[in-house]
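Architecture at a glance
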Amino acid sequence: MRSLVCALILTAGCNRGLVKVKTGAACTPGTSIECTCRSGAAGSQQCESDAKSYSDCSCERQLGFLVGPPASLTAGKTFSLHLVVQDSFGDIRDDDNARVTLALEGMGTLDGDVLGRFQEGEVQFSGLSVTTVQAGARIVATSRGQSVTSAPFTVTTGPPVQLAWKDPLPLVVISGVPLEPVPEIVVRDAFGNVTMPPSPILVTLMTTESLVAVAPSVVFMSGEAQAIADLRLTGGAQAVRVVASAGGLQSAISNAMQVVAIDPEWPSTRVPDSPTLFCGNGVVHDASHCESLDPPGDLQDGARLSPPLGLETSGGVLFDRTTGLVWEATERPFGPTTNDLPSAISHCAALTQGGLSWRLPTRWEAITLLDLGAVNLNHSLYTTSVGLAPNVGNWAVNMTGNTYAAPLSALYTRCVSGPPLVDGSAGAPAGQYAPFVLLSPTVRDLRTHLDWQRSSSSGLVTWTQALVYCRDLIVDGVDDWRLPTMKELLSISDVRRTNPTFDPAAFPDGNAASHWWTSSAVHLWQDPATTTTDNGVWVIAALDGRTDVVNALDGTQRYGTSTGNIFPPRARCVRDGD
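Residues numbered from 1 in each chain as written. Predicted model: local features only at pLDDT ≥ 70, side-chain atom pairs only at ≥ 80, totals over all residues. Heavy atoms only, no water.

1. A closer look at the sheet that holds strand β40 (residues 450-453)
If you trace the four strands from one edge of the open sheet to the other, you get β38-β39-β40-β45, paired in antiparallel fashion. What marks the edges here is a single partner per strand, and that holds for β38 (436-439) and β45 (574-576). Across this sheet, the average inter-strand angle for adjacent strands is 25°, counted without regard to direction. (Pairing = 2+ DSSP bridges. Helix = DSSP H or I, 4+ residues; strand = E, 2+ residues; numbered from the N terminus. Axes fitted to C-alpha atoms, helices over the stretch in contact; angles between N-to-C directions.)

Here's what the structure looks like:
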């Protein structure tokens, strides 16, 4: 047997119920003695030479590293370990043949065969590796409920082998417009760790489709990522991928993108807010923003923080800083009264105000002027948007919020200047049905930068139910949905379509309801029959996009073509796009 040091404290017996006893010289604490294992009880044993009781020589089991991991190693490079089982005096337990398991304390995993068995108290592991770059990693060995942890070590990157896109590229790209956010290229080792090339490299770009990738050549000099500040794609195609290549490295292939060619006459615009100063319980709200309601007013139109109507006088005309449109300045609230549509068109064509070219607005342009917080502005504007059956004629937009199409006469005229803001998908380029891009189960409007729910609710009888439905909606992990304002919902109503007015390719359930809820309450609307204030909320007709008023409490129609009918509207939710 090996030389042991006798202990003063009584300890448990050796393996298999045996105990250690002194042989030969007297058992003096701190003195090296020879011990053997004999049958007997744990605790006090008889010293063979002088028949006196002495403390047991300890046989406590413990694990240890004879050879641990190196202080620094390269990702993926193999190394070996040597472990032993010892007693409390540091001697190897040559009677121990237990199982042992290895694990990594740190990031990533320990690769290789991590299961072993002690043979006469010793075991060796080879072919182990760690692939995740880190500092302070440790290896933990566990056997029979006992563990031992190695000294910390560092894992460094392996040699560069591939290019990679640091983050996914956008799912939708507008032709000719630089990609946002700015894409970045990184160099990785074989295990995905970001590393550096040994010397500057030239990165070239191409696409998997017959599109032109316009971007400067990228010379990778230093740093962990190289930004490509002016990467743009021209044309139009589905499932386009951008490939980045460099000599000696694997190429980086991006995710699939949809490249959309936008007609230059298709301006992008934000939807102005349409505050009502009115709560769904029939009272005018103040600074509290309907907070006493259930749900609170932050779900309602009047409390939204979207861009307000931005009309300001500039150079003798009215400029809307929200939509970018320029409007005729006139002393009259909504321009002159004209007896017929041709006269209205002629008035705008002859206008020279500000040295600009003027025209009659589209329906959507007139809708952007709505201020639903104003009281009883019962003035309707001519528009150039033509209605379809059953409402034949040009659309008129009433400044109370009502929209309708019928033979028009003696309406107001206010002219506008600038590229037309089209209704819904009207004006789409040939072969393209909309400014909408399908991102199932949502759809993005490239004009307004709003994302829409493609499917919709059902059975929402009250306005509160519709507000809560959108507040609680989660689609593809996104939870910032809300019920749209009247202006937002009208922005996807297409004047060229009827039954439904919403593009069926983008919104396949567009005719699932007779009307659709909005978050816009009616400001002090008075029932023509009773002249009393009602709990009115604006809804949009699925048939043709006209606006109606329903009771916020039960969905009963209060104003429109079929007063008194019950038709619970549905809700289609919206969110601000990325």
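2. A closer look at unusual backbone geometry
Of the consecutive residues Asn499 and Pro500, the connecting peptide bond is found in the cis state with omega at 10°. Residue placement: Pro500 occurs in the loop between α4 (486-490) and β41 (515-521). The backbone of His449 shows a phi angle near 60°, a positive value even though the residue is not glycine. Phi is positive for Asp476, which is not a glycine, with a value near 55°. Within the fold, Asp476 resides in the loop between α3 (463-472) and α4.

3. Observations regarding the nonpolar core
In terms of nonpolar packing, the biggest core is built from 34 residues, with Leu370, Trp452, Met486, Leu489, Ile492, Phe502 and Phe507 touching the most fellow members. For this core, the elements supplying multiple residues, two or more each, are α2 (363-368), β40, α4 and β42 (536-541). Beyond its immediate chain neighbours, meaning those up to four positions away, Phe507 contacts Phe436, Val443, Trp452, Gln453, Arg454, Ile492, Phe502 and Arg572. (Core = buried A, V, L, I, M, F, W, Y, C linked by side-chain atoms within 4.5 Å. Buried < 20%, exposed > 50% of the residue type's maximum accessible area, 1.4 Å probe, protein only. Contact = heavy atoms within 4.5 Å.)

4. Section: the sheet that holds strand β8 (residues 79-86)
Judged by pairing direction, the sheet is antiparallel, and its four strands sit side by side in the order β6-β8-β12-β10 without closing on themselves. With partners counted over all chains shown, the strands left at the sheet margins are β6 (62-67) and β10 (110-111), one partner each.

5. Concerning α3
Within α3, the full set of buried residues consists of Trp463, Ala466, Leu467 and Cys470. The arc that holds every buried residue of α3, seen down its axis, measures 100°, which confines them to one face. (Arc of directions from axis to C-beta.)

6. Some words on the state of the cysteines
Going through the model one piece at a time under the given rule, you end up with two disulfides. One disulfide bridge connects Cys348 with Cys415, the sulfur atoms lying 2.1 Å from each other. Here the S-S torsion is close to -90°, and the disulfide linking Cys348 with Cys415 is therefore left-handed. Taken together, the positions of Cys348 in helix α1 (residues 341-350) and Cys415 in the loop between β36 (411-412) and β37 (416-417) put the pair 67 residues apart, joining distant regions of the chain. Like Cys415, Cys348 is buried. (Disulfide = S-S within 2.5 Å.)

7. Structural notes on the packing of aromatic side chains
Overall, the coordinates contain three aromatic pairs when judged by the stated rule. Ring centres 6.5 Å apart and planes at 55° place the aromatic pair Phe79 and Phe153 in the tilted group. Of this pair, Phe79 sits in strand β8 while Phe153 sits in strand β15 (residues 153-156), and the two are 74 residues apart along the sequence. Accessibility expressed as a relative area gives 7% for Phe79, which makes it buried. For the ring pair Phe502 and Phe507, a centre distance of 6.4 Å and an interplane angle of 75° mean the geometry is edge-to-face. The burial state of Phe502 is the same as that of Phe507; both residues are buried. Taken together, Phe502, Phe507 and Trp516 form an aromatic cluster joined through their ring pairs. (Phe/Tyr/Trp six-rings, centres within 6.5 Å; stacked < 30°, edge-to-face > 60°.)

8. Let's talk about the pattern of salt bridges
The tally for this structure, following the rule as stated, stands at 18 salt bridges. When the shortest N-O distance is used, the salt bridge between Arg61 and Asp96 registers 2.5 Å. Placement of Arg61 in the loop between β5 (53-54) and β6 and of Asp96 in the loop between β8 and β9 (99-105) is noted, with a sequence separation of 35 residues between them. For Arg61, a relative accessible area of 10% puts it in the buried group. Note that Asp576 and Arg482 form a salt bridge whose closest N and O atoms lie 2.8 Å from each other. Here Arg482 lies in the loop between α3 and α4 and Asp576 lies in strand β45, a separation of 94 residues in the sequence. Under the relative-accessibility criterion, Asp576 is labelled partly exposed at 46%. For Arg482, a relative accessible area of 16% gives the class buried. Salt bridges here are not isolated pairs; linked through shared partners, they connect Arg444, Asp451, Asp480 and Arg575. (Salt bridge = Lys/Arg side-chain N within 4 Å of Asp/Glu carboxyl O.)

9. Details of α1
Because the α-helix completes a turn every 3.6 residues, residues three or four places apart line up on one side. Looking only at α1, the buried set comprises Leu341, Ala344 and Cys348. Around the axis of α1, the buried residues are gathered within 60° of arc, so they sit on the same side. Set apart from the buried face of α1 by more than 90 degrees, the exposed residues are Pro342, Ala349 and Ala350. Buried residues along α1 sit against β32 (337-338), β33 (380-387) and β34 (393-398).

10. Description of the environment of Asp167
One can find Asp167 in the loop between β16 (160-165) and β17 (172-174). With 17 residues separating them along the chain, Asp167 and Glu184 place their C-alpha atoms 7.2 Å apart.

11. So, the confidence of the model for the protein chain
Overall, the prediction assigns the protein chain a mean pLDDT of 75, with 69% of residues at 70 or greater. Every residue in residues 427-433 scores below 50 in pLDDT, and together they form 18 contacts with partners more than four places removed in sequence or on other chains. In the model, residues 560-564 has pLDDT below 50 throughout and makes seven contacts with residues more than four positions away in sequence or in other chains. (pLDDT = per-residue confidence, 0-100.)

12. Description of the side chain of Thr518
Looking at where Thr518 falls in the secondary structure, it is placed in strand β41. Since its relative accessible area comes to 0%, Thr518 is described here as buried. At 2.7 Å, the side chain of Thr518 forms a polar contact with the backbone oxygen of Trp538. (Polar contact = N/O pair within 3.5 Å; in protein donor to acceptor, adjacent residues only side chain to side chain.)

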